[in-house]
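# Observations on chain architecture
The chain contents come next:
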Amino acid sequence: MTTKAVQKILANYESDNPGVKANLHRILMQGRLGGTGKLIILPVDQGFEHGPARSFSVNAPAYDPHYHYQMAIDAGLSAYAAPLGMLEAGADKFAGQIPTILKVNSSNSWAGGANQAVTASVDDALRLGCSAIGFTIYPGSDDCFEMMEEIREMRAEAASVGIATVIWSYPRGSNLPKSGELALDVGAYAAHMAALLGAHIIKVKLPSNHIEQADAKKCYEGTDWSAQADRVAHVVQSCFAGRRIVVFSGGAAKGADAVYQDARDIRDGGGNGSIIGRNTFQRPRDEALAMLDKLVKIYKGKE
Amino acid sequence: MTTKAVQKILANYESDNPGVKANLHRILMQGRLGGTGKLIILPVDQGFEHGPARSFSVNAPAYDPHYHYQMAIDAGLSAYAAPLGMLEAGADKFAGQIPTILKVNSSNSWAGGANQAVTASVDDALRLGCSAIGFTIYPGSDDCFEMMEEIREMRAEAASVGIATVIWSYPRGSNLPKSGELALDVGAYAAHMAALLGAHIIKVKLPSNHIEQADAKKCYEGTDWSAQADRVAHVVQSCFAGRRIVVFSGGAAKGADAVYQDARDIRDGGGNGSIIGRNTFQRPRDEALAMLDKLVKIYKGKE
Amino acid sequence: MTTKAVQKILANYESDNPGVKANLHRILMQGRLGGTGKLIILPVDQGFEHGPARSFSVNAPAYDPHYHYQMAIDAGLSAYAAPLGMLEAGADKFAGQIPTILKVNSSNSWAGGANQAVTASVDDALRLGCSAIGFTIYPGSDDCFEMMEEIREMRAEAASVGIATVIWSYPRGSNLPKSGELALDVGAYAAHMAALLGAHIIKVKLPSNHIEQADAKKCYEGTDWSAQADRVAHVVQSCFAGRRIVVFSGGAAKGADAVYQDARDIRDGGGNGSIIGRNTFQRPRDEALAMLDKLVKIYKGKE
Amino acid sequence: MTTKAVQKILANYESDNPGVKANLHRILMQGRLGGTGKLIILPVDQGFEHGPARSFSVNAPAYDPHYHYQMAIDAGLSAYAAPLGMLEAGADKFAGQIPTILKVNSSNSWAGGANQAVTASVDDALRLGCSAIGFTIYPGSDDCFEMMEEIREMRAEAASVGIATVIWSYPRGSNLPKSGELALDVGAYAAHMAALLGAHIIKVKLPSNHIEQADAKKCYEGTDWSAQADRVAHVVQSCFAGRRIVVFSGGAAKGADAVYQDARDIRDGGGNGSIIGRNTFQRPRDEALAMLDKLVKIYKGKE
Amino acid sequence: MTTKAVQKILANYESDNPGVKANLHRILMQGRLGGTGKLIILPVDQGFEHGPARSFSVNAPAYDPHYHYQMAIDAGLSAYAAPLGMLEAGADKFAGQIPTILKVNSSNSWAGGANQAVTASVDDALRLGCSAIGFTIYPGSDDCFEMMEEIREMRAEAASVGIATVIWSYPRGSNLPKSGELALDVGAYAAHMAALLGAHIIKVKLPSNHIEQADAKKCYEGTDWSAQADRVAHVVQSCFAGRRIVVFSGGAAKGADAVYQDARDIRDGGGNGSIIGRNTFQRPRDEALAMLDKLVKIYKGKE
């Protein structure tokens, strides 16, 4: 069964084959937000980025890969995203219970520059039954062209076997000042490039109201960008006037109220949902489930 | 049906297979200039190069990829060129209505050096029903050899499946002073290299009457290069004495009269037409249609 | 025949194919520790790393590759690991008598930076009847991404033909101070990355109680890490809460008592065993056999 | 039909397959020198190296690729060599009338360092009916190993489909002082390396009587190298004692008498002929034909 | 027919296929040392390394590739090794008369750093009927990993078609002082690495009694290394306790008595023979034949 909201979204993926659309459909119909056109994704790749202790010591059960599968299922989320080893350790037990996204590139705390290692393949995604691959690009990095060429190849290979592509587009690198990483113009540009690269789902950070690029300033002048929902709307507009699914990441663990307000702004600005990791698994399971329950209600328009 | 003007042009592509010729024919017979041997192409790759706000905020409907397909069709243009995501977002709806050119490499505002990422493939062009691929080279760049080797491979692959190749040849890079990027000798050389690389359609900028290379100065002495039409004629001559299609780009948005004069000079110098992006989509739709109408008439010799 | 201890371990490799599991089973059922879930591996790659004289002159019979095969068999060990040439020189004579691990990358005394050359292939492992390939990564190295991408490809190829993968994860390189190579946080992180990369067996060094990373310090505060068994337990926890086999290396040749104490700590911390090279072959054969006999007993809980 | 002179040359290519020999035969039997064992090749790759104006403005008909095909045919030359686009623009019209050599790598005026881009392929040579590929190496360049590895692969691929290989061996690069580029020892060494790489035809510059390499000086002492014919003989000797075809390039346009004297020296030293570009197409057609007529006569021993 | 001495050697290649063993057998049974387990190889790659004049001007007939084939045959040697062009120029005439080794990588006088270009392939070796490929590695070079990875691939490909591999292991490069290139510890290490890489025949230089590596000094203390035969024995020991064929190179042309003494030391130390180039072809043919005759007798134990 399907819904009009989901069919309307899928209609925008007019050049994609039925295999890719079926996997987008799986994600959009999964869990408690299934059929609404909204989605919440649980990503657990912080072990690669920050190490196991910084990721899991605050909530020791989270060292176990099964913990996250179960959390995503019990909370009624839309999909679960993780690197190769994390998915392999639970892919059989939880087969079919939750759409999975294989994060195919990863960085770590000692990596110089702004790049990631490709640590998994489309074949891995196929044998593990994943619905999508996830790939990070760093606009502003010296290695950005290389990353774009990697995802071009992997995206084409994935689509050819019916697997969707999620691009994490995170501005970062020596060509971009730290101050500009969260700028509105930069975030909208990063989202647009992900769309141009053929991403089926675009993942960006919630932008601030800072404008970074001198050449872009005049395009933003005369508009009030203080409301986060308006900034979300601009990012959505930059993704082909809303023709692509856009989800926003929550960043570091923070207060629950801030998390809820972000979700309301994403919803009100027309974004498709949240991708929320540390704010989930770095809380005790009960607290995390309560928070996710509330987020689901917000996206359903009930909070 | 075909015309003598078009047949004469195609006869120059004597080594190409019928598939490539059929796609060149499609472009040359399309729209209001169909059959004249002249052409106008709409390129929309500025979102990659400059970001979405700098490209589209002045005319918000242009955020939607469908807008540009419809513009190219309604104005009776010859072809529409864009990066992967932009084409994918409309390729099904507008299938067959306008020849498309897949721009397969792209730069962005943070890219160091003078190079581009390869962001699409010949397989993409095939599945999206494109008539040609478009590729930028930067003569004068430290990475020029790499770019030439990339287009050699993609051009060969494209031709093998009947897809034509358009080369954007834009002098730029650390081996070339900024002052020389628009020089006549440099532009003619850039066009010649595109021809040597096997481009079916060559896209260059309108050159100034500056001569940049010390070694080339004596070749240009004694001739008056102040007329733009004469400079166009020299570029055309440099493309195998007119045996290759050459179109000229319009550059940044500017006054309509300047755009018209450029077109008259291209026509009078024997160039094949214009590739005109920002001057189209950064105007309101009505104004853009009026401008394109006038350009068509100029190329038909009526203005 | 099999045992419950081994079946419990294999159950954690839920996404792996029967070929890989059969090879893990072969290793876990081999020798005197067969069936216990514990294992001792003999690695002889020091000839590459340090040269033949530094490795073997103290015990000249060890120049002969047959010596090590025979030692591993006579001592009842679980597997024998060595580079291509060393295995080839005995693979036929000892075929089937001891599971072998082909070390597929190697460094040497003159190598600049922190990297290794790939010196053997999965095809080599197949034709030599190996149960696993072994690969070193250097977290903290400038070349770490490259090494990760190499093992991603080799691991995938190996698994596709039923061969298991052992990752030596040794923190080292210009992004990591010498003082941090043995730090607890660094070692746990290195083990975790090996797990994320899909290692079936993870090989790390026994960590000290130093905490290196500023960002990780608060995760370790408030716990007493002075007991080596506790540190082992933390590394095991960092490998998917014990879902992956972890073995610890013994380092340079040292006193027998220190070797025994390490083994007891590995055992008591829940580690799966030892990989012990120089402490074996740099002793006279009788002494080495006596030491290995005692280590076996320790892992059986008898010492 | 064939001749003893040609059969004697072909006999030296004892390891080559009949396809390659047939193409060498085609070149050696073509035109007015057909059957003599001597040859004159017309190369037109200066458009890539120096740009169109510096190459063709002095004789404007030469902008047209057909001009050069016709010149090579009318003058009764042995072969015509040019880059991809130049050959494509006439390959159909002149099919079979003159053996062609596809120059598969090319430099340009802005290239840093001493290297070339690979701008065509063996497949291109096949579909255009070429008898050989041409490839430049720069002994003395930092990129010389890369160039050698490129031609090793292309030469093998070409030979496997019966296409011969011509190597332009031009000493140049940061490891060689400008003063040494034309030195006798350097030129003989460059020719020898082309032979070792498997070139079927070797193209070098006429060397001066300077000896560049300190280590080589004693090998040349005691011999009078002032006669150009003797220097040619030494280069021929360095190409497997005359077992390989060697042609010499004429360099920049110069006086006709100097061109004729060069040809006599090549002939008298046992060289196989001239490769003469700018001295041909930068003269009016009548003058060029007259010059080529005289060169043919020189190689026939009549002048 | 075969001999016990040869069968004993071949038995050590227990993991190799019959094709490789047959080629080793061909070399070991060839010429006047056939069946003794000793061998003399003629290598002629100095034209690449030093240029033709420095290699051949002292004995001009040696410019002709046929000269060397004939020399190896007439002197009753075991094999002839040369780069691609040199072998091609005689492979047909001398087919089957002498086992050949295709040297597949080569350096030259202008090469910066310590590396070589790969200038031939296994396919070349097959079509030329070669028994082995030859490859140089430079332990101590910045490019050593790259060279090792090249030979790993070529060795595997060669073995898969029954062709043996000879590794020239020559310590050299920026990580190794000039003083250490001939050191005993360094030479033994270099030979050991060649063995670990899977070389079937190892070619090293005769080492001096200098010990270079600080860490290795204590392994050599207390033994008298002043006898060259003892140093040879240590290198042989370092090649898997004599399980691999080791030949020693003669270096620059020198007095005949020194050459003979080297051979006696190689023989007495248990080495398998000499690889002797310049000392052969830089002498008049008669002298060279006389010297080789005496070397054969030495290896037969008659001198």
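Going by the structure above, here's the rest.
Remember, it's a predicted structure, so these values are computed and weren't measured experimentally. (Residues numbered from 1 in each chain as written. Chains lettered and ligands numbered in written order. Predicted model: local features only at pLDDT ≥ 70, side-chain atom pairs only at ≥ 80, totals over all residues. Heavy atoms only, no water.)

The subject of this paragraph is unusual backbone geometry. Residue and element names in this part refer to chain D. Within the chain, Ala241 stands out as a residue other than glycine whose phi angle is a positive 55°. One can find Ala241 in the loop between helix 11 (228-238) and strand 9 (245-249). Residue Ala241 is classed as partly exposed on the basis of its relative accessible area, which comes to 39%. (Helix = DSSP H or I, 4+ residues; strand = E, 2+ residues; numbered from the N terminus. Buried < 20%, exposed > 50% of the residue type's maximum accessible area, 1.4 Å probe, protein only.)

The two partners chain A and chain E share no contact, and the minimum distance between any of their C-alpha atoms is 20 Å. Over all C-alpha pairs, chain B and chain E never come within contact, reaching a minimum spacing of 20 Å. (Contact = heavy atoms within 4.5 Å.)

Tracing the backbone through its elements, the reader meets A:Leu295 in helix 14 (residues 285-299). Residues contacting A:Leu295, with those up to four places away along its chain left out, are A:Ile40, A:Val259, A:Tyr260, A:Ala263 and A:Ile276.

If you walk through the whole model with that rule in mind, you get 30 aromatic pairs over all chains. Judged by centre distance (5.7 Å) and plane angle (65°), the rings of B:Phe56 and B:Tyr63 are edge-to-face. Assigned by exposure class, B:Phe56 and B:Tyr63 land together as buried. On the basis of an interplanar angle of 65° and a centroid distance of 5.7 Å, the ring pair of E:Tyr220 and E:Trp225 is categorised as edge-to-face. Each member of the pair, E:Tyr220 together with E:Trp225, is buried. Geometry around A:Tyr13 places A:Arg244 over its ring, the cationic atom sitting 4.7 Å from the centre. (Phe/Tyr/Trp six-rings, centres within 6.5 Å; stacked < 30°, edge-to-face > 60°. Lys NZ or Arg CZ within 6 Å of the ring centre and 35° of its normal.)

Glancing now at the packing of helix 11 (residues 228-238) of chain A against helix 12 (residues 256-268) of chain A. Residues and elements named next belong to chain A. Two numbers describe how helix 11 lies on helix 12: the axes approach to 7 Å, and their chain directions differ by 50°. In terms of orientation, helix 11 lies oblique with respect to helix 12. The element helix 11 and its partner helix 12 pack so that their crossing is right-handed. Between helix 11 and helix 12, the contacting residues are Gln228, Ala229 and Val232 on the first element and Gln261, Asp262, Asp265, Ile266 and Asp268 on the second. In the contact of helix 11 with helix 12, the residues fall into three nonpolar, two polar and three charged. (Axes fitted to C-alpha atoms, helices over the stretch in contact; angles between N-to-C directions. Parallel < 35°, antiparallel > 145°, perpendicular 65-115°, else oblique. Left-handed = near helix turned anticlockwise from the far one by under 90°. Nonpolar A, V, L, I, M, F, W, Y, C, P; charged D, E, K, R; others polar.)

Residue and element names in this part refer to chain C. Taken in spatial order, the eight strands close into a barrel running 1-2-3-6-7-8-9-10, and their pairing is parallel. Ignoring which end each strand starts from, the neighbouring axes of this sheet average 25° apart. Direction of pairing for strand 6 (residues 132-137) relative to strand 7 (residues 164-169): parallel, over a ladder of six bridges. Paired with Ile133 across the strands is Thr165, a residue of strand 7. (Pairing = 2+ DSSP bridges.)

On to the relation of the copies chain E and chain C. Aligned on chain C, chain E shows an RMSD of 0.0 Å; the corresponding rotation is 72° and the shift along the axis is 0.0 Å. Taken together, the rotation angle and the small translation identify this as a five-fold axis. Among all residues of chain E, the minimum C-alpha distance to the rotation axis is found for E:Glu146, at 11 Å. (Least-squares fit on C-alpha atoms with pLDDT ≥ 70 in both.)

In this section: the sheet that holds strand 7 (residues 164-169) of chain D. Residues and elements named next belong to chain D. Strand order in the closed barrel made by the eight strands is 1-2-3-6-7-8-9-10, with parallel pairing throughout. Ignoring strand direction, the axes of neighbouring strands in this sheet form an average angle of 25°. Sheet topology places strand 1 (residues 39-43) next to strand 10 (residues 273-275); three bridges connect them, and they run parallel. Within the sheet, the bridge partner assigned to Leu39 lies in strand 10 and is Gly273.

Residue and element names in this part refer to chain C. Looking at where Gly162 falls in the secondary structure, it is placed in the loop between helix 8 (144-160) and strand 7. On the basis of relative accessibility, which here comes to 7%, the residue Gly162 falls in the buried class. Sequence separation of Gly162 and Asp143 is 19 residues, and the distance between their C-alpha atoms is 28 Å. Excluding its chain neighbours within four sequence positions, the residues that come into contact with Gly162 are Asn17, Gly19, Val20 and Asn23.

Residues and elements named next belong to chain B. Along the chain, Ala82 falls in strand 2 (residues 79-82). Sequence-wise, Ala82 and Phe48 are 34 residues apart; in three dimensions their C-alpha atoms are separated by 9.7 Å. Not counting residues within four places of it along the chain, the set of residues in contact with Ala82 comprises Val44, Leu87, Ile101, Leu102 and Lys103.

Counting residues at the interface gives 33 residues for chain E, matched by 43 residues for chain C. Interface area for chain E against chain C, summed over the two sides, is near 3,100 Å², with a carbon-plus-sulfur share of 61%. It is E:Glu14, E:Phe145 and E:Tyr189 in chain E that bury the most area against chain C; as a group they hold 22% of the surface buried on that side. At the junction of chain E with chain C, the criterion picks out three salt bridges. The partner of E:Arg155 in a salt bridge is C:Glu88, and the shortest N-O contact between them spans 2.8 Å. Elements with a minimum of two residues in the side of chain E that touches chain C: helix 8 (144-160), helix 9 (184-196), helix 10 (217-220) and helix 11 (228-238) of chain E. Sorting elements by how many residues they give to the side of chain E that touches chain C places helix 9 of chain E first, with seven residues. (Buried area = accessible area lost by both parts, 1.4 Å probe. Salt bridge = Lys/Arg side-chain N within 4 Å of Asp/Glu carboxyl O.)

All names here are of chain C. Burial along strand 2 (residues 79-82) is two-sided: Ala79 and Ala81 and Tyr80 and Ala82, pointing in opposite directions, are all buried. The sheet contact formed by strand 1 (residues 39-43) and strand 2 spans three bridges and is parallel. Bridging from a neighbouring strand, Pro43 pairs with Ala81 of strand 2. Sheet topology note: the strand 2/strand 3 (residues 100-103) ladder contains three bridges and is parallel. Each residue of the ladder has a partner; that of Ala82, found in strand 3, is Leu102.

Residues and elements named next belong to chain D. Taken across its 10 residues, helix 5 (residues 65-74) has seven buried, putting it largely inside the fold. Residues Pro65, His66, Tyr67, His68, Tyr69, Met71 and Ala72 constitute the buried set of helix 5. With its phi angle positive at about 70°, Gly76 sits one or two positions after the end of helix 5.

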